[in-house]
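# Remarks on the overall topology
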Amino acid sequence: GTSPLTGYPTRVHKRHATVKYMFYNPDDVKWFKPAEIVTKHGLQGDIIDSVGEHGTMKCLFNAPIQQHDTVCLNLYKRIYPKYAPTEVVNENGDKVEEDILVL
């Protein structure tokens, strides 16, 4: 569906915010890192990094964010394929890591 995931700023410092409850583990944060986030108040932002083990993340917005704002991830805007680093042997017999597209 087109329902956005939502999160809530827990710590706010100007354009930076620590956002909780959108994801529940660091892998999800890494997976959605390239996606664009928006807030109910119309700010746009990026996921900078995951924090800790419970899906908390650091975000940077294009303007100062308020504590009571709600952060949304629009899933239908951009869907990113999953790349898995896979060891392959090249023609010289060397093992090299390549990003293989996983469908």
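Scroll up to find the structure.
Residues numbered from 1 in each chain as written. Predicted model: local features only at pLDDT ≥ 70, side-chain atom pairs only at ≥ 80, totals over all residues. Heavy atoms only, no water.

Looking at chain direction, strand S1 (residues 5-13) and strand S2 (residues 16-20) are connected through five bridges and run antiparallel. For His13, the partnering residue across the bridge sits in S2 and is His16. Hairpin connection between S1 and S2: a loop of two residues separates the two successive antiparallel strands, and Lys14 in this loop has a positive phi of roughly 55°. Here S2 runs beside strand S5 (residues 56-61); their pairing, made up of four bridges, is antiparallel. Within S5, the residue paired with Val19 across the bridge is Met57. (Pairing = 2+ DSSP bridges. Helix = DSSP H or I, 4+ residues; strand = E, 2+ residues; numbered from the N terminus.)

Examined bridge by bridge, strand S4 (residues 44-51) and S5 share six bridges and lie antiparallel to one another. Bridge pairing links Ile47 to Cys59 in S5. Hairpin connection between S4 and S5: a loop of four residues separates the two successive antiparallel strands, and Gly52 in this loop has a positive phi of roughly 70°.

A few words now on the sheet that holds strand S6 (residues 71-73). One closed barrel accounts for six strands, arranged S1-S2-S5-S4-S3-S6; its pairing is antiparallel. Sheet twist, expressed as the mean angle between neighbouring strand axes with direction ignored, is 40°. Examined bridge by bridge, strand S3 (residues 36-39) and S6 share three bridges and lie antiparallel to one another. Bridging across to S6, Val38 finds its partner in Cys72. (Axes fitted to C-alpha atoms, helices over the stretch in contact; angles between N-to-C directions.)

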